[in-house]
Amino acid sequence: MDRDAAIEKTKKFVKRELSDDFPAHDWWHVYRVWRNAIRIGKDEGVDLFTVQLAALLHDIEDWKFSDEEKTGSEKARKWLDGLKVDEKTVSHVCEIIENISFKGAGVRSSMRTEEGKVVQDADRLDAIGAIGIARCFAYGGSRGRQIHDPEEKPGDHESFEDYKNSKSSSINHFHEKLLLLKERMNTESAKQIAEGRHEFMRVFLDRFHEEWEGKK
């Protein structure tokens, strides 16, 4: 199996599959995660073949749009088996896909492998900073959620089920997830990148609330 060819074919497959998805979870989200994963993976000295395949396939079937959590890993396995990728790598990629998602403010989850930590960090980095802000409101709008409701307090979501069923506002989503991600980065490389992105969100939120109350 030619690894470069497998990655190139996987890129084309994912781009084709996600070409019509809405902006927060489309091919360009996957592209950014893939690029960040390569950057972090090089710094961390991990297996870049596994990292790239997992990054490219991590959202091939997002749980937000499917009733079954394992649909994504099953679809990824079928694709990778068709490329004749070795079983060890396929199983590793599927394990990463199944464990990558944030599952709620009150739910602690961890990745078993260094490759998984790299891909998870790359995905989380795309949820914060300027890109994260844009994606947050794009997703909220697509689900008919309010931008902000001052009377609605952020939830803790002690279970994945609570988090999945949440309907809170886009601004609450910052407090329920996005502002928590800096402290949940796995790798030193991602922690450094997250610092600036986290601060950018803080500045944005301060300005947002000042404008909301007519102070700016």
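Look above for the structure.
Source: prediction; values computed, not measured.

Undergrad: If you had to explain the packing of helix α3 (residues 48-57) against helix α6 (residues 114-125) to someone new, which residues and values would you point to?
TA: Running from N to C, α3 and α6 point in directions that differ by 40°, and their axes come no closer than 9 Å. With respect to α6, the axis of α3 lies oblique. Seen along the crossing, α3 lies across α6 with a hand that is right-handed. Residues Thr50, Val51, Ala54 and Ala55 of α3 form the contact with α6, whose participating residues are Glu115, Val118 and Val119.

Undergrad: Account for helix α10 (residues 188-212), with residues named and values stated.
TA: Its 25 residues place the ends of α10 36 Å apart at the C-alpha level, agreeing with the 36 Å of an ideal helix rising 1.5 Å per residue. The largest bend in α10 is about 30°, located at alanine 194. Of all the positions in α10, only Ser189, Ala190, Ile193, Ala194, His198, Met201, Leu205 and Phe208 are classed as buried. Next to the buried residues of α10 lie α2 (27-44), α6, α7 (129-142) and α9 (170-176). Glycine 214 sits one or two positions beyond α10 and adopts a positive phi of about 75°.

Undergrad: Would you mind going over the nonpolar core in detail, with residue names and values included?
TA: Residues Val14, Leu57, Leu80, Leu125, Ile128 and Phe174 are the most contacted members of the largest nonpolar core, which totals 54 residues. Setting aside its immediate chain neighbours within four residues, isoleucine 128 contacts Leu178, Leu181, Met185, Ala194, Arg197 and Met201.

Undergrad: Quick rundown of the environment of serine 109? Include the residues and the values.
TA: One can find serine 109 in the loop between α5 (87-99) and α6. Its relative accessible area of 30% is what places serine 109 among the partly exposed residues. Placed ten residues apart in sequence, serine 109 and asparagine 99 show a C-alpha to C-alpha distance of 7.7 Å. Beyond its immediate stretch of four places on either side in the chain, serine 109 contacts Ser101 and Arg124.

Undergrad: Go over the packing of aromatic side chains, please, and point to the residues and values.
TA: How two aromatic rings sit relative to each other is set out by the distance from centre to centre and by the angle between their planes. This structure, assessed with the given rule, holds ten aromatic pairs. A centroid spacing of 6.2 Å and a plane angle of 55° characterise the contact between tryptophan 27 and tryptophan 28, whose relative ring orientation is tilted. Residue class for tryptophan 27 comes out buried when judged on its relative accessible area of 7%. Here tryptophan 28 falls in the partly exposed class, since its relative accessible area comes to 46%. Three or more aromatic residues link up through ring pairs in this structure, and these residues are Phe137, Phe174, Phe204, Phe208 and Trp212. The ring of tryptophan 34 has arginine 35 lying over it, and the distance from NZ or CZ to the ring centre is 5.1 Å.

Undergrad: Outline the side chain of asparagine 36, listing residues and values.
TA: Residue position: asparagine 36 is located in helix α2. What makes asparagine 36 buried here is its relative accessible area of 9%. With residues up to four places along the chain from it excluded, the contact list for asparagine 36 reads Ala122, Leu125 and Arg197.

Undergrad: How would you explain the side chain of histidine 148 if you had to name every residue and give the values?
TA: Topologically, histidine 148 is positioned in the loop between α7 and α8 (160-164). In this view, histidine 148 contacts Ser169, Ile171, Phe208, His209 and Trp212; residues no more than four positions away in its chain are not counted.

Scoring rules and cut-offs
- Residues numbered from 1 in each chain as written.
- Predicted model: local features only at pLDDT ≥ 70, side-chain atom pairs only at ≥ 80, totals over all residues.
- Heavy atoms only, no water.
- Axes fitted to C-alpha atoms, helices over the stretch in contact; angles between N-to-C directions.
- Helix = DSSP H or I, 4+ residues; strand = E, 2+ residues; numbered from the N terminus.
- Parallel < 35°, antiparallel > 145°, perpendicular 65-115°, else oblique.
- Left-handed = near helix turned anticlockwise from the far one by under 90°.
- Contact = heavy atoms within 4.5 Å.
- Expected span 1.5 Å × (residues − 1).
- Bend = angle between axes of the 7 residues up to and from the residue.
- Buried < 20%, exposed > 50% of the residue type's maximum accessible area, 1.4 Å probe, protein only.
- Core = buried A, V, L, I, M, F, W, Y, C linked by side-chain atoms within 4.5 Å.
- Phe/Tyr/Trp six-rings, centres within 6.5 Å; stacked < 30°, edge-to-face > 60°.
- Lys NZ or Arg CZ within 6 Å of the ring centre and 35° of its normal.

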